[in-house]
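# Examining the three-dimensional arrangement
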Amino acid sequence: MTPKTENVTGRIYDIQGFAVHDGPGVRTTVFLKGCPLRCLWCHSPESQRSEYDLSYLAVKCVGKELCGAPCVGVCQSGALIECEPEKAVTGDRMVTKVKVDRERCAECLRCAGVCPSKALSASGREISVEEAYTRINKDRFVFKKDGGATISGGEPMGQFEFTLNLARKLKENGIGVCLDTTGYAPPEQFLEILEYIDLFLYDIKHMDSKKHRSFTGVPNELILSNARLLAENGASLQIRVPVIPKLNAGMENLEQTADFCARLGGAVKLVQLLPYHSMGRSKYARLGQPYRLSNVEPPDEAFMERALEVFLSRGLPGKIR
Ligand code: SF4
Ligand code: SF4
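Definitions and cut-offs
Starting afresh in each chain, residues are numbered from 1 along the sequence in its written order. By the order in which they are written, chains take letters starting at A while ligands take numbers starting at 1. Note on the predicted model: pLDDT of at least 70 is required for a residue's local features to be given, and 80 or more for side-chain atom pairs to be given and counted; whole-chain, interface and lining totals, by contrast, use all residues. In computing side-chain values, all of the structure's heavy atoms are included and hydrogens and water are not. Throughout this document, a residue counts as near a molecule or strand when at least one of its heavy atoms sits within 4 Å of that molecule or strand. Each residue gets one label: Ala, Val, Leu, Ile, Met, Phe, Trp, Tyr, Cys and Pro are nonpolar, Asp, Glu, Lys and Arg are charged, and the others, such as Gly, are polar. The buried label applies to any residue whose accessible area, calculated with a 1.4 Å probe on protein chains only, is under 20% of its type's maximum; exposed applies above 50%, and partly exposed to all values in between. Segments assigned H or I by DSSP are reported as helices when at least four residues long, segments assigned E as strands when at least two residues long, and all are numbered from the N terminus. Strands were regarded as paired on the criterion that DSSP finds at least two bridges between them. Salt-bridge detection follows one rule: a side-chain nitrogen of Lys or Arg within 4 Å of a carboxyl oxygen of Asp or Glu. All axes here are fitted lines through C-alpha atoms, helices being fitted over the stretch that makes contact, and every angle between N-to-C directions spans 0 to 180 degrees. Each helix crossing is assigned a hand: it is left-handed if the near helix lies turned anticlockwise from the far helix by less than a right angle, otherwise right-handed if that turn is clockwise. Contact definition: two residues touch when any of their heavy atoms are within 4.5 Å.

## Details of the site of ligand 2
The environment of ligand 2 is formed by Cys61, Val62, Cys67, Ala69, Pro70, Cys71, Val98, Cys115, Pro116, Ser117 and Leu120. For the shell around ligand 2, a count of residues per class yields 10 nonpolar, one polar and no charged.

This is the structure in C-alpha cells:
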C-alpha cells in the first residue's frame, strides 16, 4: 500500500488549463515527465525523458549585441557556439545568435537560468501533490459536470507515488480524474489506483507485438493484459488509437484492434481514433533531436471514416479525434 502524503513531489513539464482534448468536458491537465515508450509519431518529445531537457528556440535569441551572450559565459562545457552574424528581421542591425553543440552539452541548464529572452529554457520542474492540487483547484469553476483533472505524460504511472497521491487528493475533494496512460506499468499499480480514476484514457497502438516493439520500443502484451485487467475490475476506458499511415493503419490491424476493444465489453465508453499529425515536429528541433517520421502524411478524412466504421460496426461507441 503506497503511503498517503501530499509532500511527495513529481517532475512535470507543463500544466494546462481549459483543455478540451484530454477527456470529457473542460479539464486541467498535468503533464509528467518520463515515458518507457518511444513512439515514432510522439508529438511531445519533451515528455520522454525523466531528466530535464534543454530547449533552444533560435527565433527568440536576440543576439549577443543586445544581451551580451551571458549564456556563453556560464557554459563550462564550451557547448554554446556563436553563429555568423546575420541581419535582423527588422531594422539594419546585425545579430549574432548562438547554437548548441548537443554532443558537448552537459545539461547543467546554467544557460537557461541567464538567458533574458528565454531562447534557452529548461523543460521540467518539480511540484508537490499539494501544489499541483492547488493549481488544479483554481480551475474548479470551469469543470462543471463532466470536466475535471487529467494526469498525463509521458507516462504518469512511471511516477506512481505522485500520481496516486494526486489522484486520491483530487478525488477526495470532489474533482473528477482521468488518467492518460500507455498501459505500460505494473498491473498491481493499476489495481491500486483504480478507485481514484473516473476514466482511463488508454492507448492501443498495434495488435502485433513485434510491430508494436519496432514502432514504440516495447512489446504490447503488458498493455493488452492491463486493459483486460482494468475492464474486469470495473474501470471505465476511453481507448485511444493513433492512426499512423504505413505503421498501424492497415485494415487488418484496425479490425484486430476493434475486436480486442469489443471483447473488453461495457468498460469501453468510447474509442477515439486520432489521425497522425506532425505538429510536434518543431519541438524535436528545439531539443536537438531528429524527427524520425518525416515520410508519413496524415490520413485523409475518407480513410478516417472507413477506419471509424470498423469500430462502429462492432457496436463500439467511437469518434474521430
Ligand atoms: S546546459 Fe549545456 S549549453 Fe547550457 S550551460 Fe550547461 S552545458 Fe552549456
Ligand atoms: S541564447 Fe539567450 S543569452 Fe544566449 S545570446 Fe541568445 S538571447 Fe542571449
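## Overview of the site of ligand 1
Neighbouring residues of ligand 1: Leu54, Cys75, Ser77, Ala79, Leu80, Cys105, Ala106, Glu107, Cys108, Leu109 and Cys111. Class assignment for the residues of the shell around ligand 1 results in nine nonpolar, one polar and one charged.

## As for the pairing of strand β2 (residues 27–32)
Of all six residues in β2, six are buried, a share of seventy percent or more. Going residue by residue along β2, you find Arg27, Thr29 and Phe31 tucked away on one face and Thr28, Val30 and Leu32 tucked away on the opposite face as well. In terms of strand pairing, strand β1 (residues 9–19) meets β2 through five bridges, oriented antiparallel. Bridging from a neighbouring strand, glutamine 16 pairs with threonine 29 of β2. By the bridge criterion, five bridges tie β2 to strand β10 (residues 148–152) in an arrangement that is parallel. By the bridge assignment for β10, valine 30 is matched with isoleucine 151.

## So, the pattern of salt bridges
When the charged atoms of two side chains lie near each other, side chains of opposite charge can form a pair. Counted by the stated rule, this structure contains 17 salt bridges. Ionic pairing is found between aspartate 203 and lysine 205, a salt bridge with its closest N-O pair at 3.3 Å. A single burial state applies to aspartate 203 and to lysine 205, both of which are buried. The shortest N-O distance in the salt bridge between arginine 321 and glutamate 301 comes to 3.3 Å.

## Digging into the packing of helix α10 (residues 251–263) against helix α12 (residues 301–312)
Close contact between α10 and α12 brings their axes to 8 Å; oriented N to C, the two are set at 35°. For the pair α10 and α12, the sense of crossing is right-handed. Where α10 abuts α12, its residues Met251, Leu254, Glu255, Thr257, Ala258 and Cys261 lie against Phe303, Arg306, Ala307, Val310 and Phe311. Grouping the constituent residues of the contact of α10 with α12 by class yields eight nonpolar, one polar and two charged.

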